[in-house]
Amino acid sequence: MPSFISWLADPTHWNGPDGVPTRVVEHLQISGSAVLVALLIGLPLGLWIGHTGRGATAAINVANIGRAIPSYALIGMILPISLSIGSQLYWLSVVPVFVAMTALAIPPILVGAYAGLREVDRDLIEAARGMGFRERQILVAIEIPLAAPVIVGGIRTATLQVIATATIGAIISGGGLGRYIFDGLLLPDIPRVEAGAVLIAALAIGVDTVLAGVQRLITPRPPRNPARTPEPPEVPREPPPAGTRRLVRATGG
Amino acid sequence: MRNSRTLAIGATLVMVLAACTSGSTPAPSAAASAAPSQAAASASTAPAAAGSVTLPTVRIGSDNFYESKLMAEIYAQILEHAGYTVVRNFGLGSRAAREPLLEQGQVDMVPEYIGSGLGYYDKTAPTGDAQSNHDKLAAILKTKGGGIEVFGFTPAQDQNAAVVRKDTASQYNLTRMSDLAAIQTKLVWGLPPDCDTNPLCSGALRQYGITYPPAQRVALAACDAPIAEALHAGTISFAWLCSTQPAILQFGFVQLTDDLKTQPADNIAPLVRDDFLAKVPDKAAFQALLDNASSKMTTAMLLQLGVDVAVNNQDIATVARNWLTQEGLLN
C-alpha cells in the first residue's frame, strides 16, 4: 500500500491545527485571495489593452515578470521588505506569499483577457460601431460575452498555478497544504510529503474542474434554428438622382 | 532581420561560454587534472628518481553552504601551495548527499562538522565533548568506504545556537539558556518544524525547563535567512541559528550559553580517504600541513570570514587566501 494512503487513512491527521481540513481551508484562503486581487488588477487591464489594442506589448511584458521570477526567489526578496513594514506574524507568514502568488496569477488573467478580446471578429465590432454602439457597450455587450471562454481559461490557468505554488509559503512559517511537504522533508516523514503532494494536486484539479464547468456554461452556443428573417419589400430600381452618387459611395459597403 | 538573428545567436553563444568558464565549476579543472593523474600513475610504477616526487591529485568536496565551501577552499589552497594538484568538487549537497560520495571514493577529502557528522551515523553518540565526538567518528569511519581518516579538529565550532535580540537579552537579563525558563511565556519561539522529534531541539528545551511545545511558536527552519530576519524584525523573540552565522554579527544578536551542554560540539575536521593517503609520499607531513591550518581556525575567525563572504559578498577564494596569508600559512 503506498505510504501516503496509510497517512491519509490515519484519523489523527484529520483534526487539529495541522489536520487536513484546516490546511485545505488555509490553502484556499491564500490562493483565493491572491487570485481575487489578481482579477481586480489584471482583468480591467487586460480588457483595456484587448479592446483598444494599445500598450499590449508593454503591459504583457511587465506582467510576465510575475511568472518569470521563480516564486521561491520572489518570496525571499519580499520577506525583508515585508518585515520592515511590520513585525506581526502575518507580515512574515502571509504577506510575502500573498504578493508572490498575486504576481503569479496576474499574467495568465491579463493575457487571457487580451487574447480573448483580440479574437473577437473585428467586423462585428465595426458593425456595432456603425450602428451607433458606444465603446463601453461594445465591450460589455459584444466583446466580453464572446471572449468569455478564453477569459475564464486564463483565470483557470492562474488558479491552477497559484494552488500548486502556494505550497512554498510553508518555508516562511506559512500555513496551507505546503506545510505537509516542508515539514515532511525536514523531519523526514516521506509519507507526509507524498500525502501533501497528492492533496495539493487533488485540490488543484478539483477547483480546475469546477472552473472548466463554468467555462462551458458561459461559452455562447450558436442558435440551433436560425430564425427565418422576412424578405425586405421589393425596392424599385431607379438610377440615383445626379449629384447623390458621391453620397451613395461613401455610405455603401 | 537576418542581422538581428545573427546578433541574437552570437549573444547567446557568448553568454553560454561565459557561464561555462566562470565560477568554481569542476568541469574546467577536470581536463586539467587528467594530465597530472596520468603523470602520477606513471611515476608510481617507475622507481622514483632522486629528488623528483610527484604528488597525487586530490579531489576535495564540500557541502552546499558557504561555510563548508570556505573550509574546503582553505584546505585546497594550503595543499596547492604545498605542490598538490587540487580538483574542487564543491557544493555537492547536504551531508546526506555528500557523505555517500566520500564513501564511494568520488572525492578524496571533505571538511566535516564532527558532532553532526557523528550524528549522521549514530544519532545517540554526539556529546558536547569534541574529543569524544572526534574519536567516535574516527572509529566508525575506519569501517566505511575502505577506511576514512579524521584529521585534527579546529578550535572553531559551528553549532546550534540559541539566539535572542540584544534588547530581549537586556530586558530579561539573559546570558545562559537556563535563564529562559523563568520568562518562557513572554517569548515567541522560532523553532524548526522537526523540533518535536529532534532530541537536540525539543529534548534540549525540556532540559532547560521549557514546557514543550511552547504556546507561542512559529515554524521556521534553523540557521537560514528567514528565521534570522524574523528575529531581527521582532516577529519572533527566540531563534535557533548556527553559531557562526553572519546574521549574529550583522544584527547584533546575543547567543545564550548552552550551560547544560545539550548541543553536540561541532568542531571542523577534514575527512580523508585511506586509498588517497596511500598515494601520498609523506603521510605525516600531509596531515601536519592540514592540522596546522586547522589549529589556527577559531570561532571568531569563522564568524568574521562568514560576514566577509555571506554579508559583504566577497569571493570565497579571495577571503580564504587573505586569511591564509594573514596567518602566515602561505609562506
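Just so it is clear, the model here is predicted, and its values are computed rather than measured.

About the cut-offs
Residues numbered from 1 in each chain as written. Chains lettered and ligands numbered in written order. Predicted model: local features only at pLDDT ≥ 70, side-chain atom pairs only at ≥ 80, totals over all residues. Contact = placed C-beta atoms within 7 Å. Helix = DSSP H or I, 4+ residues; strand = E, 2+ residues; numbered from the N terminus. Nonpolar A, V, L, I, M, F, W, Y, C, P; charged D, E, K, R; others polar. Axes fitted to C-alpha atoms, helices over the stretch in contact; angles between N-to-C directions. Parallel < 35°, antiparallel > 145°, perpendicular 65-115°, else oblique. Left-handed = near helix turned anticlockwise from the far one by under 90°. Buried ≥ 20, exposed ≤ 12 C-beta atoms within 10 Å, placed from the backbone. Pairing = 2+ DSSP bridges. Core = buried A, V, L, I, M, F, W, Y, C linked by C-beta atoms within 7 Å. Domains from an automatic or database assignment.

Colleague: Looking at this structure, how should I read the interface of chain B and chain A?
Modeller: Accessible area lost upon the coming together of the parts serves often as the stated size of an interface. Taken together, the contacts link 14 residues of chain B with 14 residues of chain A. Put simply, the parts of the chain that give the side of chain B that touches chain A at least two residues each are strand 7 (217-219) and helix 9 (225-233) of chain B. Of the residues forming the side of chain B that touches chain A, the biggest block, four residues, is contributed by helix 9 of chain B. Split by residue class, the side of chain B that touches chain A holds nine nonpolar, three polar and two charged.

Colleague: Looking at this structure, how should I read the packing of helix 4 (residues 71-85) of chain A against helix 9 of chain B?
Modeller: Helix packing geometry: the angle between the two helix axes and the distance between the axes. Viewed as axis vectors pointing N to C, helix 4 of chain A and helix 9 of chain B meet at an angle of 10°, and their least axial separation amounts to 9 Å. Judged on the interaxial angle alone, helix 9 of chain B and helix 4 of chain A are roughly parallel. Viewed along their axes, helix 4 of chain A and helix 9 of chain B form a crossing whose handedness is right-handed. In contact with Leu79, Pro80 and Leu83 of chain A of helix 4 of chain A, helix 9 of chain B contributes Pro226, Glu229, Ala230 and Ala233 of chain B. Along the lines of polarity and charge, the residues of the contact of helix 4 of chain A with helix 9 of chain B split into six nonpolar, no polar and one charged.

Colleague: Even after reading the chapter, I still don't get the pairing of strand 1 (residues 58-61) of chain B, so can you show me in this structure?
Modeller: For a regular strand, side-chain orientation follows a simple rule: the groups alternate between the two sheet faces. All names here are of chain B. Here strand 1 shows no split at all, with Val58 and Ile60 on one side and Arg59 and Gly61 on the other all buried. Pairing geometry for strand 1 and strand 2 (residues 86-89), over four bridges, is parallel. From the neighbouring strand, Gly61 faces strand 2, where its bridge partner is Asn89.

Colleague: Looking at this structure, how should I read the packing of helix 2 (residues 20-52) of chain A against helix 8 (residues 135-165) of chain A?
Modeller: All names here are of chain A. The N-to-C vectors of helix 2 and helix 8 enclose an angle of 145°; their axes lie 10 Å apart at closest approach. Along this stretch, helix 2 crosses helix 8, giving a crossing that reads as right-handed. Between helix 2 and helix 8, the residues in contact are Ser31, Ala34, Val35, Ala38, Leu47 and His51 and Leu139, Glu143, Ala158, Thr159, Val162 and Ile163, respectively. Of the residues belonging to the contact of helix 2 with helix 8, the class tally is eight nonpolar, three polar and one charged.

Colleague: Hey, could you run me through the nonpolar core in this one?
Modeller: Among soluble globular proteins, nonpolar side chains are generally buried collectively. By size, the foremost hydrophobic cluster in this structure holds 89 residues, and its most contacted members are Met101 and Ala105 of chain A together with Leu241 of chain B. It is helix 6 (residues 95-119) of chain A that contributes the most residues to this core, 15 residues altogether. Apart from residues lying up to four places away in sequence, Ala105 of chain A is in contact with Ala34, Val35, Ala38, Ala158 and Val162 of chain A.

Colleague: It is not clear to me how the environment of Ala166 of chain A should be interpreted in this structure. Could you clarify?
Modeller: All names here are of chain A. Among the structural elements, Ala166 can be located in the loop between helix 8 and helix 9 (178-186). Looking at Ala166, the number of C-beta atoms within 10 Å reads 31, which means it is buried. Placed 135 residues apart in sequence, Ala166 and Ser31 show a C-alpha to C-alpha distance of 6.6 Å. Those residues in contact with Ala166, other than ones at most four positions away along the chain, are His27, Ile30, Ser31, Val97, Met101, Gly176 and Gly178.

Colleague: Where do I start with the sheet that holds strand 8 (residues 238-242) of chain B in this structure?
Modeller: Think of a sheet as strands paired side by side through backbone hydrogen bonds, with each pair either parallel or antiparallel. Residue and element names in this part refer to chain B. The five strands are arranged 7-6-8-5-9 in an open sheet whose pairing can be described as mixed. Edge positions in the sheet fall to strand 7 and strand 9 (254-256), since each of these pairs with one other strand and no more. Taking each pair of neighbouring strands and ignoring which way they run, the sheet shows an average axis angle of 40°. Strand contacts of helix 9: strand 5 (160-164), strand 6 (189-191), strand 7 and strand 8, with the helix running at about 140° to strand 8, the strand carrying the most contacts.

Colleague: What exactly am I supposed to notice about unusual backbone geometry here?
Modeller: Glycine aside, negative phi is the norm for most residues, and most peptide bonds take the trans geometry. Looking along the chain, the bond that leaves Tyr212 of chain B and enters Pro213 of chain B is cis, with omega of -5°. The residue Pro213 of chain B is located in the loop between helix 8 (199-207) and strand 7 in this model. Even without glycine at this site, Ser173 of chain A takes up a positive phi of about 70°. Taking the C-beta count within 10 Å as the criterion, Ser173 of chain A has 24 such neighbours and is therefore assigned buried.

Colleague: Looking at this structure, I do not really get the domain arrangement of chain B. What am I missing?
Modeller: Residues and elements named next belong to chain B. The domain boundaries assigned to chain B delineate domain 1 (57-157 + 265-326) and domain 2 (160-256). If you average the C-alpha positions of domain 1 and of domain 2, the two centres end up 28 Å apart. Counting from both sides, the interface comprises nine residues of domain 1 and, opposite them, six residues of domain 2. No other element matches the seven residues that helix 13 (residues 299-311) contributes to the side of domain 1 that touches domain 2. Of the residues in the side of domain 1 that touches domain 2, the class split is five nonpolar, three polar and one charged.

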